[in-house]
Amino acid sequence: MRMRRLALAFLAMAPSALTQGCGFFGYYKYQRPERLPPEVGERIRDPQTFVTSLRMDGPTLAAFQVALTDFMPPGQKATGNDERLVACFNRSDAFDVRIDKASDDLYVISFSANLDRCGLPPGSIVLDAGATYLIDGQGRILDIR
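Residues numbered from 1 in each chain as written. Predicted model: local features only at pLDDT ≥ 70, side-chain atom pairs only at ≥ 80, totals over all residues. Heavy atoms only, no water.

Visitor: I'm lost on the pairing of strand S3 (residues 130–136) in this one. Help?
Guide: The side chains of a regular strand alternate, first on one face of the sheet and then on the other. Among the 7 residues of S3, 5 are classified as buried, and the element is accordingly described as predominantly covered. Across 7 bridges, strand S2 (residues 106–113) lies against S3 in antiparallel orientation. Its bridge partner being in S3, Phe111 is matched across the sheet by Ala131. For S3 and strand S4 (residues 141–144), the ladder comprises 3 bridges, and the chain directions are antiparallel. Within S4, the residue paired with Ile135 across the bridge is Ile141. (Buried < 20%, exposed > 50% of the residue type's maximum accessible area, 1.4 Å probe, protein only. Helix = DSSP H or I, 4+ residues; strand = E, 2+ residues; numbered from the N terminus. Pairing = 2+ DSSP bridges.)

Visitor: Which parts of the structure should I look at to understand the state of the cysteines?
Guide: One way to say it: the disulfide is the covalent bond shared by the sulfur atoms of two cysteines. Using the criterion set out here, one finds 1 disulfide in the structure. Here Cys88 engages in a disulfide with Cys118; their sulfurs sit 1.9 Å apart. Here Cys88 and Cys118 share a disulfide; its torsion about the S-S bond, 65°, makes the bridge right-handed. Linking Cys88 in helix H4 (residues 83–89) with Cys118 in the loop between S2 and S3, this pair joins segments that are 30 residues apart in sequence. Since its relative accessible area comes to 2%, Cys88 is described here as buried. (Disulfide = S-S within 2.5 Å.)

Visitor: I tried to follow the nonpolar core on my own but got confused; where do I start?
Guide: Among the nonpolar cores identified, the biggest contains 17 residues, and Ala67, Phe71, Ile109, Phe111, Tyr133 and Ile135 are the most heavily contacted of them. Secondary structure elements with two or more residues in this core: helix H3 (58–71), H4, S2 and S3. Residue contributions to this core peak at 4 residues, all from H3. Sequence-distant contacts of Phe71, that is, excluding residues within four places in its chain, are made with Phe95, Phe111, Gly130, Ala131 and Tyr133. (Core = buried A, V, L, I, M, F, W, Y, C linked by side-chain atoms within 4.5 Å. Contact = heavy atoms within 4.5 Å.)

Visitor: When you look at unusual backbone geometry in this model, what are you seeing that I'm missing?
Guide: Generally, phi is negative for residues other than glycine and the peptide bonds are trans, each holding for most cases. Phi is positive for Asp128, which is not a glycine, with a value near 60°. Topologically, Asp128 is positioned in the loop between S2 and S3. Since its relative accessible area comes to 73%, Asp128 is described here as exposed.

Visitor: How should I be thinking about the pairing of S2 in this particular structure?
Guide: The pairing of strand S1 (residues 95–103) with S2 spans 8 bridges and is classified as antiparallel. From the neighbouring strand, Arg98 faces S2, where its bridge partner is Ser110. Following S1, the chain reverses through 2 residues before pairing antiparallel with S2.

Visitor: Explanation requested: H3 in the structure shown.
Guide: Every α-helix carries 3.6 residues per turn, so stepping three or four residues along brings you back to the same face. Helix length check: H3 (14 residues) gives 20 Å between terminal C-alpha atoms against 20 Å at 1.5 Å per residue, within 8%. Looking only at H3, the buried set comprises Thr60, Ala63, Phe64, Ala67 and Phe71. Down the axis of H3, the buried set is contained in an arc of 100°. They therefore lie on one face. Looking at the buried side of H3, the elements it contacts are S1, S2 and S3. (Expected span 1.5 Å × (residues − 1). Arc of directions from axis to C-beta.)

Visitor: Explanation requested: the environment of Leu120 in the structure shown.
Guide: For Leu120, the position within the fold is in the loop between S2 and S3. Leu120 sits in the buried class, given a relative accessible area of 11%. Each C-alpha atom of the pair Leu120 and Arg84 lies 7.8 Å from the other, and the pair is 36 residues apart in sequence. Contacts of Leu120, omitting those with residues within four sequence positions, involve Arg84, Leu85 and Leu115.

What follows is the structure, given as structure tokens:
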């Protein structure tokens, strides 16, 4: 009789364990970027001039991806007491990025929040609203400042 109760308790708890799903293992759902319908895209012309241009070689891109994944982990959101700041820090367009290649084996990647893009009052000061990563040529984080 006791085994039967134990089995029933286990069966009752099993669905709750399954609801954790792959999130327990760090899996997150990849969200594909939005695409315009072809008829809208056909109306847009290729630009003849550019305001700015950015070029990254493969190792620089790899270093940037390591820093970005650590700074803004996929599937995780910022939390805090101030709703406006939380909403701001959950937007990737609120951050400016600077990538400096010190050598073929050292990259300095800095993320800094631009609070003006979030509609916060001018002169707002937030401590610790960014980070600077030192990444080696093998994609390992050497230091975070």
